[in-house]
Amino acid sequence: MSATKPQPPESSSLTIGADAKAMIERARDEGVTTVWDRLRAQLPQCGYCSMGVSCTNCSMGPCRIDPFGEGPQRGVCGADADIIVARNLGRAIAAGASAHSDHGRDILEVFAATAEEETTGYEIRDEAKLRGLAEELGVATDGRSNQEIARDVAEAMMEDFGTRKDAIAMLDRVPETRRELWQQLGITPRGIDRENVEMLHRTHMGVDNDYTNILLHGLRASLSDGWGGSLVATELSDVMFGTPQPLMSKVNLGVLDEAQVNIALHGHNPLLSDVIVQAAQDEELVALAKEKGAAGINLVGLCCTGNELQMRRGIPMAGNHLMQELIIMTGALDAMVVDYQCIMPSVTDVAKCFHTEVISTADKAKFPGATHISFDPHRGLEVGREIVRRGIMAYGNRNPDRVRLTGEPVEMMAGFSVEAILGALGGTPQPLVDAIVAGKIRGAVGVVGCNNPKVKQDYAHVTLTRRLIENDILVLVTGCSAVANGKAGQMVPEAAEMAGDGLREVCQALGIPPVLHMGSCVDNTRIIVLAAALANHLGVDVSQLPLAGAAPEWYSEKAISIGAYVVASGISTVLGVQPPIFGSLNVVKLLAEDLDGVVGAKFAVEPDPERAAVWIRKHLEAKRKGLGLPAYDLETIKVEEPAHA
Ligand code: BF8
């Protein structure tokens, strides 16, 4: 028997990026396997797992439930589809919340060591933010040095990871109505460690067998991330590395420079990358690079480490999640420095085909095939210099004949922290409120999250965002969505021309783009903090505001935690990739319908960004109507063009 091997799909069906297409084709020509090849090799993926009805939680299993009702309806322990789907989802939330919050704890530990003057390369760069946080946490500031305040702030925040409190400290930012609701529902987050451990306990066989009860705890665990661990990461990163302010930067693979030593900083945590930026300016190292024949040292970002650096220092961004293998395919990347999260184990395989040295730095994230240089904050700058030196040495191995760079980078604006947005508005949300009340801006939407090879790369982010701004909806972006929109040219002030009349007028008056870069994925906290500030300003609950969330190309457990805390905070959210819950219609109904009556927000799943835009527009108009604001007739909002994939 012979089977014809199916041809791989055209690169233009996998991505909208010209840089990505060129490198996918190069990978094919050279027989290098990428994420799209590996996805194809996995097809058809397991239907039970896709629907969330397989369980490996104990060794009486593995078990699976037949979603069509013909095969087994219970696992060996007796769990039905509802229990299994809820348990799996609960564990995914806990994993995502743990990833963000462990990142937050790492920042906190270095902040605490910096307060004790035990680190090199770190300092308090935003004193006002430190003092503001201290007041929020009840730490005395009068007549005290930054060092003294920082010590107590660190101590107070460490308490928020633990088990001895009824509620985490920064919940005071949340409108009172919402805090009361969480209290009634029993989902006030007490601390990241506690909620996540409790989720693992509840989802052990024979503990929580009520799917609603499990998922309510899922919301609690996610809230401990959004208003706890992730918020600690954002706030302390601002204190130590500076609160972002609007600045111009560049994006796409064109940021690589053939003439320079190119070092990509990939992962999520700014702790090491920030000292690498300092090290790359070291005169001795710049001289060494020149001695080796390079014009200088060019640092570029990838994924959320890249977002952190771009937001605060304007470091150019090479690409989002699906670009991590393709950047190596340029043959011009000398070193890829990785910390943790979203780093494909495959990067070391691709690097073997080139001269690129992959350098891992986190002891909790090792990569076989990479050089491991353990990051020690006590000698942060020294480690940073060692890494940059290795990058320079790797440049010496570069084969100029293997270099293939594509195109010019695109300009983009970044740096929209809550402080920067309020600053642009004159220190108060009132101008934004006025624009929303007048209908110039219909509402605001956070379009966030990943790339997923199941979706044409960046297509859903860019299309959804474009439709929203065309219809006078302000878009806030983080993570890989920010990179996608940046590459598409939607994040420069001139992009106001793409917006509807009302949004264009507001953006042009303020000199801002219609799509605002608010940072990395832990910085989704900036979006909920802004939403809470808006609700507090108006004396309403977050769920009453014309706001929505969207994750059109999500893939990660972190995105599940983000979606859960955004919804639990009162903001309905549309997912573009189907989560593994469809094996339980009860869970689907709970998340897509009933939750609205419980927390005032719900989930929707809509893979077509054109239809997702319509869903969001209708949702925002309904919220406007609820607030007594002028609203469009919902019947007039529909997909204008036939939906296309
Ligand atoms: O934290 S958006 S692919 S890089 S998980 Fe990862 Fe998703 Fe990108 Fe940042 Ni967030």
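Rules used in this analysis
- Residues numbered from 1 in each chain as written.
- Predicted model: local features only at pLDDT ≥ 70, side-chain atom pairs only at ≥ 80, totals over all residues.
- Heavy atoms only, no water.
- Domains from an automatic or database assignment.
- Contact = heavy atoms within 4.5 Å.
- Buried area = accessible area lost by both parts, 1.4 Å probe.
- Salt bridge = Lys/Arg side-chain N within 4 Å of Asp/Glu carboxyl O.
- Polar contact = N/O pair within 3.5 Å; in protein donor to acceptor, adjacent residues only side chain to side chain.
- Helix = DSSP H or I, 4+ residues; strand = E, 2+ residues; numbered from the N terminus.
- Nonpolar A, V, L, I, M, F, W, Y, C, P; charged D, E, K, R; others polar.
- Buried < 20%, exposed > 50% of the residue type's maximum accessible area, 1.4 Å probe, protein only.
- Phe/Tyr/Trp six-rings, centres within 6.5 Å; stacked < 30°, edge-to-face > 60°.
- Lys NZ or Arg CZ within 6 Å of the ring centre and 35° of its normal.
- Donors = N, O, S within 2.8 Å, 3.2 Å for Na, K, Ca; no water.
- Tetrahedral: all angles 85-135°; square planar, octahedral: opposite > 155°, others 65-115°.
- Expected span 1.5 Å × (residues − 1).
- Pairing = 2+ DSSP bridges.
- Right-handed = clockwise from strand over helix to strand, strands pointing away.
- Near = heavy atom within 4 Å.
- Core = buried A, V, L, I, M, F, W, Y, C linked by side-chain atoms within 4.5 Å.
- Axes fitted to C-alpha atoms, helices over the stretch in contact; angles between N-to-C directions.
- Parallel < 35°, antiparallel > 145°, perpendicular 65-115°, else oblique.

Participant: Explain the domain arrangement of the protein here, please?
Facilitator: By convention, interface size is frequently given as the accessible area that disappears when the constituent parts associate. Assigned domains of the protein: these are domain 1 (81-241), domain 2 (253-402) and domain 3 (417-630). With 15 residues of domain 2 at the interface, the matching set in domain 3 holds 22 residues. When domain 2 packs against domain 3, close to 1400 Å² is buried across both sides, 61% of that on carbon and sulfur atoms. Of all residues in domain 2, Met-311, Asn-320 and Leu-322 bury the most surface against domain 3, accounting for 41% of the area lost on that side. The tally of links from domain 2 across to domain 3 stands at zero salt bridges. Here domain 2 is connected to domain 3 by 12 residue pairs in polar contact (both at pLDDT 80 or more). Those elements that provide at least two residues to the side of domain 2 that touches domain 3 are α12 (303-313) and β6 (317-319). Taken together, the residues that form the side of domain 2 that touches domain 3 break down as six nonpolar, seven polar and two charged.

Participant: Just to check I follow, could you spell out unusual backbone geometry for this structure?
Facilitator: Apart from glycine, the bulk of residues carry a negative phi angle, and the bulk of peptide bonds sit in the trans form. Each neighbour pair has its own omega, and for Leu-43 with Pro-44 the value is -5°, a cis peptide bond. If you trace the backbone, Pro-44 turns up in the loop between α2 (35-42) and α3 (47-51). Its identity is not glycine, yet Glu-117 carries a phi of approximately 60°, on the positive side. Along the chain, Glu-117 falls in the loop between α4 (81-115) and α5 (127-136). For Asp-472, which is not glycine, the phi dihedral falls at a positive 65°. You can see Asp-472 is positioned in the loop between α17 (459-470) and β12 (473-477). The buried category is assigned to Asp-472, whose relative accessible area is 12%.

Participant: Teacher, can you tell me more about the pattern of salt bridges here?
Facilitator: Side-chain pairs of opposite charge can arise where the charged atoms are in close proximity. On inspection of all chains with the given rule, the structure shows 47 salt bridges. A salt bridge links Arg-220 to Glu-195; its shortest N-O distance comes to 3.4 Å. Taken together, the residues Arg-220 in helix α9 (residues 211-241) and Glu-195 in helix α8 (residues 192-202) connect sequence positions 25 residues apart. Residue Arg-220 is classed as buried on the basis of its relative accessible area, which comes to 13%. One salt bridge in this structure joins Asp-274 and Arg-313, with 3.0 Å as the shortest N-O distance. Here the residue Asp-274 occupies a position in helix α10 (residues 270-280), and Arg-313 occupies one in helix α12, the gap between them amounting to 39 residues. Of the residues examined, Asp-274 reaches a relative accessible area of 3% and is grouped as buried. Ionic contacts of the salt-bridge type, sharing partners, join the residues Lys-129, Glu-136, Arg-173, Glu-235, Asp-238, Glu-308, Arg-312, Glu-419, Asp-523 and Arg-526 into one network.

Participant: Looking at this model, I keep getting lost on the packing of aromatic side chains. Mind explaining?
Facilitator: Describing an aromatic ring pair means giving the distance of the ring centres and the angle of the ring planes. In the structure shown here, the tally under the stated rule is one aromatic pair. A cation over a ring is seen here: Arg-442 above Tyr-632, with NZ or CZ 3.8 Å from the ring centre. Lys-456 extends its terminal NZ or CZ atom over the ring of Tyr-459, reaching a point 5.5 Å from the ring centre.

Participant: Even after reading the chapter, I still don't get the coordination of the nickel atom of the ligand, so can you show me in this structure?
Facilitator: Ideal geometry at a metal centre: 109.5 degrees between donors when four sit tetrahedrally, and 90 or 180 degrees when six sit octahedrally. Exactly one protein atom donates to the nickel atom of the ligand; that atom is Cys-521 (SG), 2.2 Å from the metal. For the nickel atom of the ligand, the four donor atoms are set out with angles of 90 to 153° between them, so the coordination reads as irregular. Inspection of the secondary structure puts Cys-521 in the loop between β13 (515-517) and α20 (524-538).

Participant: Can you walk me through α20 in this structure?
Facilitator: For an α-helix, 3.6 residues make a turn, and residues three or four places apart therefore share a direction. When the terminal C-alpha atoms of α20 are compared, their 22 Å separation across 15 residues agrees well with the 21 Å that a helix rising 1.5 Å per residue should span. In terms of burial, α20 is a largely internal element, 11 of the 15 residues being buried. Those residues of α20 that sit buried are Asn-524, Thr-525, Arg-526, Ile-527, Ile-528, Val-529, Leu-530, Ala-531, Ala-532, Leu-534 and Ala-535. Note on α20: the residue one or two positions beyond its end, Gly-539, has a positive phi of about 70°.

Participant: Explain the pairing of β12 here, please?
Facilitator: For a regular strand, side chains alternate in direction, first toward one face of the sheet and then toward the other. With five of five residues buried, β12 lies mostly within the body of the structure. Every second residue of β12 is oriented toward a common face, with Ile-473, Val-475 and Val-477 on one face and Leu-474 and Leu-476 on the other, all of them buried. The pairing of strand β11 (residues 443-447) with β12 spans five bridges and is parallel. Residue Val-445 lies in a different strand from β12, and its bridge partner there is Val-475. Remark: the β11/α17/β12 crossover connection has right-handed handedness. Pairing geometry for β12 and β13, over three bridges, is parallel. Bridge pairing in β13 links Val-477 to His-517.

Participant: Where do I start with the site of the ligand in this structure?
Facilitator: Residues in contact with the ligand, as listed here, are His-268, Cys-303, Cys-304, His-321, Cys-342, Gly-449, Cys-450, Cys-480, Cys-521, Tyr-555, Ser-556 and Lys-558. Here an oxygen atom of the ligand sits 2.6 Å away from a polar atom, N or O, in the side chain of His-268. Classifying every residue of the shell around the ligand by side-chain character gives seven nonpolar, four polar and one charged. Mapping the shell around the ligand onto the domain boundaries places at least three of its residues in each of domain 2 (253-402) and domain 3 (417-630).

Participant: Explanation requested: the nonpolar core in the structure shown.
Facilitator: In a soluble, globular protein the nonpolar side chains are often hidden away together inside. Counting residues in each nonpolar core, the largest one holds 167 residues, and the members touching the most others are Phe-111 and Trp-227. A total of 15 residues in this core trace back to one element, the largest contributor, which is α4. Sequence-distant contacts of Trp-227, that is, excluding residues within four places in its chain, are made with Ile-168, Met-170, Leu-171, Arg-173, Val-174, Trp-182, Ile-528, Val-529, Ala-532 and Ser-569. Residues Leu-256, Ile-328, Met-336 and Ala-362 belong to the second largest nonpolar core, which totals 35 residues.

Participant: Teacher, can you tell me more about the packing of α4 against helix α21 (residues 557-568) here?
Facilitator: At a minimum axis distance of 7 Å, the contact between α4 and α21 shows a crossing angle of 100°. The angle between the axes of α4 and α21 places the two elements in the roughly perpendicular class. Contacts from Leu-89, Ala-92, Ile-93, Ala-95, Gly-96, Ala-97, Ala-99 and His-100 of α4 reach α21 at Glu-557, Lys-558, Ile-560, Ser-561, Ile-562 and Ala-564. For the contact of α4 with α21, the residue count by class is nine nonpolar, three polar and two charged.

Participant: Would you take a moment to explain the environment of Met-412 for this structure?
Facilitator: As for its position among the elements, Met-412 is in strand β10 (residues 410-414). Each C-alpha atom, one on Met-412 and one on Glu-109, is 33 Å from the other, the two residues being 303 residues apart in sequence. Not counting the four nearest positions on each side in its chain, Met-412 is found in contact with Leu-247, Met-248, Ser-249, Val-251, Gln-310, Ala-482, Gly-486, Met-491, Val-492 and His-517.

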